[in-house]
Amino acid sequence: MTNPSLSDWGLYIHIPFCRSRCTYCDFNTVIGMGEEDHRRYVDALLLQWQRISAIPRGNLVSIFIGGGTPSLLAPDHIDRILEAVRRKLGISLEGVEITMEANPGTVNESRLHKYRLSGVNRLSLGVQAWQNHHLQRLKRAHSVLEAAQGVEAARLAGFDNINLDLIYGLPQQTLAEWEDSLTGVLGLNPDHLSLYQLQVEEGTPLAVQLQRGRASLPAGDMSADMADRGRERLIEAGFVPYEISNYCRPNKHSRHNRLYWTMNPYLALGAGAHGYWNARRWWIIRGVRRYIEDLQAGGNGIAGEERLERLEEMREYIWLGLREEGGFSRNRFRDKFSINPESAFGAVLGGLHRRGLVERQSEYIRLTGRGRDLANYVFREFVGSS
Amino acid sequence: MKQSEIRNFSIIAHIDHGKSTLADRLIEYTGTLSAREMAPQVLDSMELERERGITIKAQAVRLDYEHEGRHYELNLIDTPGHVDFTYEVSRALQACEGALLVIDAAQGVEAQTLANLYLALEHDLTVIPVINKIDLPNANPEKVQEELIEIGLDGTEAIMVSAKLGIGIDETLALVVSRVPPPHGDENAVLRALIFDSRFDSYKGVLVYIRVVDGSLRVGDQIRFMATGASFEVAEIGVFRPHPTTVSSLTTGEVGYFAASIKTVQDTHVGDTVTLAANPAEEPLPGYRPAQPMVFSGLYPVESSDYGRLREALEKLQLNDASLTFEPETSAALGFGFRAGFLGLLHLDVVQERLEREYNLSLITTAPNVVYQVHLTNGEEIRVDNPALMPPSGEIQEIREPMVNASIITPSEYIGAVMELAQERRGIYKDLSYIDKQRAMLNYLLPLGEIMFDFFDQLKSRTRGYASFDYQWSDFVPADLVRLDILINGEVVDAFSMIAHRDKAYQRGRSLVEKLRDLIPRQLFDVPLQAAIGGRVIARETVKAMRKDVLAKCYGGDITRKRKLLEKQKEGKKRMKSVGSVEIPQEAFMAILRVDDK
Ligand SMILES: Nc1nc2c(ncn2[C@@H]2O[C@H](COP(=O)(O)OP(=O)(O)O)[C@@H](O)[C@H]2O)c(=O)[nH]1
Ligand code: SF4
Ligand SMILES: [Mg+2]
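Residues numbered from 1 in each chain as written. Chains lettered and ligands numbered in written order. Predicted model: local features only at pLDDT ≥ 70, side-chain atom pairs only at ≥ 80, totals over all residues. Heavy atoms only, no water.

Quick look at the overall build of chain B
And step 1. For chain B, the count of helices and strands is 14 helices and 34 strands.
And step 2. Burial statistics for chain B: of 598 residues in total, 58% are counted as buried.
And step 3. In chain B, of all internal contacts separated by at least 6 residues, the share reaching a separation of at least 24 is 69%.
And step 4. By element, 48% of the accessible surface of chain B is carried by carbon and sulfur atoms, the whole surface being about 24,400 Å². (Helix = DSSP H or I, 4+ residues; strand = E, 2+ residues; numbered from the N terminus. Buried < 20%, exposed > 50% of the residue type's maximum accessible area, 1.4 Å probe, protein only. Contact = heavy atoms within 4.5 Å. Areas by Shrake-Rupley, 256 points an atom, 1.4 Å probe, with all protein chains shown as cover.)

Points about the site of ligand 2
And step 1. The full set of residues close to ligand 2 is Cys18, Ser20, Arg21, Cys22, Tyr24, Cys25, Phe27, Gly68, Thr69, Asn103 and Arg140 of chain A.
And step 2. Class assignment for the residues of the shell around ligand 2 results in 5 nonpolar, 4 polar and 2 charged. (Near = heavy atom within 4 Å. Nonpolar A, V, L, I, M, F, W, Y, C, P; charged D, E, K, R; others polar.)

A look at the sheet that holds strand 10 (residues 222-225) of chain B
Residue and element names in this part refer to chain B.
And step 1. The sheet built from 8 strands is open, its strands ordered 11-10-16-7-8-15-12-13 with antiparallel pairing. Each of the sheet's edge strands pairs with one partner strand only, and the pair in question is strand 11 (231-233) and strand 13 (244-247). Averaged over all pairs of adjacent strands, the angle between strand axes in this sheet comes to 40°, irrespective of strand direction.
And step 2. Inspection of the sheet shows strand 8 (residues 205-214) paired to strand 15 (residues 255-259) by 5 bridges, in the antiparallel sense. Of the residues in strand 15, the one forming a bridge with arginine 211 is valine 255. (Pairing = 2+ DSSP bridges. Axes fitted to C-alpha atoms, helices over the stretch in contact; angles between N-to-C directions.)

So, the pairing of strand 13 of chain B
Residue and element names in this part refer to chain B.
And step 1. Looking at chain direction, strand 12 (residues 236-240) and strand 13 are connected through 4 bridges and run antiparallel. Residue pairing across strands places phenylalanine 240 opposite proline 244, the latter belonging to strand 13.
And step 2. Here strand 12 folds back onto strand 13, and the loop between the two strands holds 3 residues.

Let's talk about the interface of chain A and chain B
Interfaces are often described in size by the accessible area the parts lose on coming together.
And step 1. Every contact between the two is made by 43 residues of chain A and, on the other side, 27 residues of chain B.
And step 2. Taking both sides of the interface into account, the surface hidden between chain A and chain B amounts to around 3,300 Å²; carbon and sulfur atoms contribute 51%.
And step 3. Of all residues in chain A, Tyr196, Asn376 and Arg380 of chain A bury the most surface against chain B, accounting for 19% of the area lost on that side.
And step 4. Taken together, the links from chain A to chain B amount to 9 salt bridges.
And step 5. In this structure, arginine 547 of chain B and aspartate 228 of chain A form a salt bridge, with 3.0 Å as the shortest nitrogen-oxygen distance.
And step 6. At the surface where chain A touches chain B, the tally comes to 26 residue pairs in polar contact (both at pLDDT 80 or more).
And step 7. Every element with two or more residues in the side of chain A that touches chain B is listed here: strand 8 (192-197), helix 8 (222-236), helix 9 (255-261), helix 11 (310-321), helix 14 (369-373) and helix 15 (375-380) of chain A.
And step 8. Of the residues forming the side of chain A that touches chain B, the biggest block, 5 residues, is contributed by helix 15 of chain A.
And step 9. Grouping the constituent residues of the side of chain A that touches chain B by class yields 17 nonpolar, 10 polar and 16 charged. (Buried area = accessible area lost by both parts, 1.4 Å probe. Salt bridge = Lys/Arg side-chain N within 4 Å of Asp/Glu carboxyl O. Polar contact = N/O pair within 3.5 Å; in protein donor to acceptor, adjacent residues only side chain to side chain.)

A word on the site of ligand 1
Residues and elements named next belong to chain B.
And step 1. Near ligand 1 there are 16 residues, and of these Asp16, Ser20, Thr21, Asp135 and Ala163 occur at the shortest range.
And step 2. Measuring from an oxygen atom of ligand 1, one finds a side-chain N or O atom of serine 20 at 2.8 Å.
And step 3. Between ligand 1 and lysine 133, the relevant distance is 3.0 Å, taken from an oxygen atom to a side-chain nitrogen or oxygen of the residue.
And step 4. Expressed as a share of its isolated accessible area of 580 Å², the protein-covered part of ligand 1 is 80%.
And step 5. The biggest single contributor to the shell around ligand 1 is helix 1 (residues 19-29), with 3 residues.
And step 6. Taken together, the residues of the shell around ligand 1 break down into 3 nonpolar, 8 polar and 5 charged.

Things to note about the environment of leucine 193 of chain A
Residue and element names in this part refer to chain A.
And step 1. Here leucine 193 is to be found in strand 8.
And step 2. Taking the relative accessible area as the measure of exposure, leucine 193 reaches 0% and is therefore buried.
And step 3. In this structure the C-alpha to C-alpha distance between leucine 193 and phenylalanine 239, which are 46 residues apart in sequence, comes to 8.6 Å.

A look at the UniProt feature "binding site: GTP" (unreviewed entry) in chain B
Residues and elements named next belong to chain B.
And step 1. Taking the numbering used here, the UniProt-annotated feature "binding site: GTP" (unreviewed entry) corresponds to Asp16, His17, Gly18, Lys19, Ser20, Thr21, Asn132, Lys133, Ile134 and Asp135.
And step 2. You can see lysine 133 is positioned in the loop between strand 5 (126-132) and helix 5 (141-150).
And step 3. Once residues within four sequence positions are removed from consideration, lysine 133 is found in contact with Asp16, His17, Gly18, Asp104, Ala105, Ala139, Val161 and Ser162.
And step 4. Examined against the element boundaries, aspartate 135 turns out to sit in the loop between strand 5 and helix 5.
And step 5. Every residue in contact with aspartate 135, bar those within four places of it in the chain, is listed here: Ser162, Lys164 and Leu165. (UniProt positions renumbered as here; feature names shortened; annotations may be inferred.)

Thoughts on the packing of aromatic side chains
And step 1. Taken as a whole, this structure holds 31 aromatic pairs over all chains when the rule is applied.
And step 2. Ring centres of phenylalanine 225 of chain B and phenylalanine 258 of chain B lie 6.5 Å apart, and the angle between their planes is 20°; this geometry places the pair in the stacked category. Of this pair, phenylalanine 225 of chain B sits in strand 10 while phenylalanine 258 of chain B sits in strand 15, and the two are 33 residues apart along the sequence.
And step 3. Classification of phenylalanine 225 of chain B by relative accessible area gives buried; the value is 0%.
And step 4. Grouped by ring-pair contacts, the aromatic residues Tyr196, Tyr242, Tyr260, Trp261, Tyr266 and Tyr276 of chain A together with Tyr555 of chain B constitute a single cluster.
And step 5. Over the ring of phenylalanine 159 of chain A we find arginine 116 of chain A; its NZ or CZ atom is 5.8 Å from the centre of that ring. (Phe/Tyr/Trp six-rings, centres within 6.5 Å; stacked < 30°, edge-to-face > 60°. Lys NZ or Arg CZ within 6 Å of the ring centre and 35° of its normal.)

Re the packing of helix 9 (residues 415-424) of chain B against helix 11 (residues 455-462) of chain B
All names here are of chain B.
And step 1. Orientation of helix 9 relative to helix 11, taken along the N-to-C sense of each, is 155°, at an axis distance of 10 Å. The angle between the axes of helix 9 and helix 11 places the two elements in the roughly antiparallel class. Two packed elements cross with a definite hand, and for helix 9 against helix 11 that hand is right-handed. Between helix 9 and helix 11, the contacting residues are Ala417, Val418, Glu420, Leu421 and Glu424 on the first element and Phe455, Gln458, Leu459 and Arg462 on the second.
And step 2. Looking at the contact of helix 9 with helix 11, its residues break down into 5 nonpolar, 1 polar and 3 charged. (Parallel < 35°, antiparallel > 145°, perpendicular 65-115°, else oblique. Left-handed = near helix turned anticlockwise from the far one by under 90°.)

Structural notes on the nonpolar core
Most often, soluble globular proteins keep nonpolar side chains buried together rather than apart.
And step 1. Counting 111 residues, the largest nonpolar core has Leu11, Ile63 and Tyr291 of chain A as the members making the most contacts within it.
And step 2. The element contributing the most residues to this core is helix 1 (residues 35-51) of chain A, with 6 residues.
And step 3. Ignoring anything within four residues of it in the chain, the contact list for leucine 11 of chain A reads Trp49, Leu60, Ser62, Ile63, Phe64, Val85, His256, Leu267 and Leu269 of chain A.
And step 4. Counting 49 residues, the second-largest nonpolar core is a separate cluster that includes Leu317, Leu324, Phe338 and Phe455 of chain B. (Core = buried A, V, L, I, M, F, W, Y, C linked by side-chain atoms within 4.5 Å.)

What to know about the pattern of salt bridges
And step 1. Across all of its chains, the model carries 62 salt bridges over all chains by this definition.
And step 2. The closest approach of N and O atoms between aspartate 43 of chain A and arginine 80 of chain A, which form a salt bridge, is 2.4 Å. In this pair, aspartate 43 of chain A is assigned in helix 1 and arginine 80 of chain A in helix 2 (residues 75-89), connecting sequence segments 37 residues apart.
And step 3. The closest approach of N and O atoms between glutamate 306 of chain A and arginine 563 of chain B, which form a salt bridge, is 2.9 Å. Separated into two different chains, glutamate 306 of chain A in strand 14 (residues 302-307) and arginine 563 of chain B in helix 13 (residues 559-574) make up a pair that spans both.
And step 4. For glutamate 306 of chain A, a relative accessible area of 14% translates into the label buried.

Quick look at helix 10 (residues 288-296) of chain A
All names here are of chain A.
And step 1. Every buried residue of helix 10 is accounted for by Val288, Tyr291, Ile292 and Leu295. Seen along its axis, helix 10 keeps its buried residues to an arc of 95°; they face one direction. Opposite the packed face of helix 10, turned more than 90 degrees from it, sit the exposed residues Arg289 and Arg290.
And step 2. Buried residues along helix 10 sit in contact with strand 2 (17-18), strand 3 (30-31), helix 1 and strand 13 (280-284).
And step 3. In the segment just after helix 10, glycine 298 is the residue with positive phi, at about 95°. (Arc of directions from axis to C-beta.)

A short note on the pairing of strand 8 of chain A
Residues and elements named next belong to chain A.
And step 1. Counting buried residues in strand 8 gives 5 out of 6 residues, a clear majority hidden from the surface.
And step 2. Relative to strand 8, strand 7 (residues 162-168) is paired through 6 bridges, and the arrangement is parallel. Within strand 8, the position partnered with aspartate 165 by the bridge is serine 194.
And step 3. In this region the chain leaves strand 7, passes through helix 6 (residues 175-187) and returns to the parallel neighbour strand 8; the handedness of that crossover is right-handed. (Right-handed = clockwise from strand over helix to strand, strands pointing away.)

See below:
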């Protein structure tokens, strides 16, 4: 897996619409929006795109249309967006990875085929679990069967790069159910899999259920067992683990997500999206209505930004890079910051090495197996004041 | 003001019988504060007092009152009711000639009613009984009158009051004037004033609260503290109405405060006598019996760099709280801190909270313990106020623990339940008497260490809230006590050591390591926890090594948020104390408090 060149960049486009709200979700998304709202939103998004004046000089290597549920947008809208990108940059999007997130139950073959014709060449589907009772409990808007049908339809529509998401550590989930979920998704023969441990985010219905004792998370070390079992199963099935939660068939890694971990530039389009370029991180207005109003009033949609000091940027580079299975390249670090990671963080890295949490492999510094289990412990060494 | 027109009095009562509310009414009735300025329990000025609805500090306020065409100056001192603050009450009483004893018309005489009455009698005060809350539907003033007669007061002359509705207020004030004797100091003698409290003000320095006994004090006077010999020029004199209001002098019998740019806290001692530097009095006034702290706890700053600030804060609090003691100590686990002595647990709680709130300190408090008298085999006798410093059992001849005389007043149907509780706490039965037909008073000798934690809560819950409780210091008595140590990762953690009765030590040790197992977060490696008595391990638990600590997702939109989350976790870890290589959260150090014996 070769690293993106330092100047390669990506474009993230946020589509904040869903059919219903999943209990664990704290993404920027709204429900109950109709065709007219979609149109006004995409209009605003195109305005925002037009008003972006500075474009990175390197190659655009990836576009990621995430959400929410982008597949709720009619193919025409997706087409308008991608067309606008082509026009403004004056390039063909031929070699560019263009991912779209979709939810089973919102797509069929003909709709998917239209997305494909507009240029989308990678599809990410939220399967989450292989038991309808879990899907219902999570308030997912689809069944297991619909998930399987969605994958089938995507294949028929010409997608040869498909990711599926699964969640483990669900309330009342058993190890056997998790095994079944793994077997189920492997049977769909995806090109890429993300296995996420359930995160309980403050203020979500799930958090409330747990507080009130109406649901309980798997006891003790069960989630850890699920994580280990997931990794084993996928490796056995020929998948390559390349990041803490991500696995792929050889060469089918997400080029887009890797840009985040290698700290390449990415621009942000749409409500709540985040961009990063030249040590600056900015974010777009979260509220859909406020976003639209801001653009209609001639604004650029930006809600806030932070500047990373050089030291901060280096530290972030390390902990983000360590998320990747292979770790981060010392040479690339030196190319970007003109200093060796050991010169900048020798004591910290040395300490982590002594505790058996990081290791060096030729020009890469990476987490050991134990380091992967305790990744946050390692990452905390690279944030905040010491 | 002529002494014959001054009355200094105090209000004493069992908790919640309505002292503060009565004080409010007196302040209002005399026009000291207008209705608009009034707030309920106006004298409870500390934030903490208002929140908890209790009076912690004695408060003084001057009231102007006209009676039968004459003008009087009444100085009212409101006092705390909780047993921990008996010392405050006692000091306040020394500045008075009379006391209003408030009794709740529905509750009747309670344990602290008696304790406070005896205290007032010890100070030779005139006691005026006030039966309050006569507006309550279940008020039974006649029964209270009988109870008063039973305890030796003239119940028939008690004033019938509803502090809530303002009934009987004028009568109360009139009786204060007619029954409380005026002060009888020597107006022509040299100044002698008793310091009954003090407080630090960042602009004016130490504010010294005094009662002038002889002579008078003026702005510009050069004064001297008789105990310390320190000398200052009086810059400001004031009285409380109840807000500090400046006046030009305080004459014989009056109560007020002065400021004299006193910057060093050590110069003023509560109980000391103030006199004039140029013409000092020969004899100081009798001071106070120093209060003996019986409960000790280690106070450590979470940030070791706050040690100096903690010392300053303790010094300032001590000014205002003469019963607080402290001296530096070092703990292998917690670093540099102080071993502080308190009158009881509520006192400790209040001090800790004031340190955190008013001085913005973040503290680790070790579980409190009582002080022990230890007779060594070599004939020496030592006092041990820190369990970690208890000598090895081989060197000990005998350990003596502090005992208190406890009186419990309870409806007679709960006598059995109360006796059972007292027995569980190793109490020694003394006697039982009846206050009236339904209520009995039980006297026990109890180890202070056994009533420190949840005795009062237990008493309340086993008597449906009806029992009341008070105690006085008794004596040190030999007991079969052992030192219980906790080892974390093989090392004794001094801050966890405790003294326990041999019969209870095993169970304590077990429950404590179980508790700690749940409180200590998982570390990179397995952490053994052990409880040991005299070097012999009696219980063992393990905090299993952390399996996983991973953020599942981290994409473009999350990075800032995830970084903040990691930063927050890191801050949380920093607030833990690292002992050996094990990180221990602050709550763990208080865990001993919540370990029960069953
Ligand atoms: N009904 C009634 N309640 C009263 C009266 N006096 C005080 N209280 C209430 O009794 C409670 C305790 O009063 P407080 O003055 O704080 O008592 P302290 O602890 O003795 O200072 C408060 O809820 C008061 O409102 C009264 O005359 N009648
Ligand atoms: S589909 Fe995804 S974005 Fe939409 S509510 Fe569910 S989890 Fe949230
Ligand atoms: Mg009160």
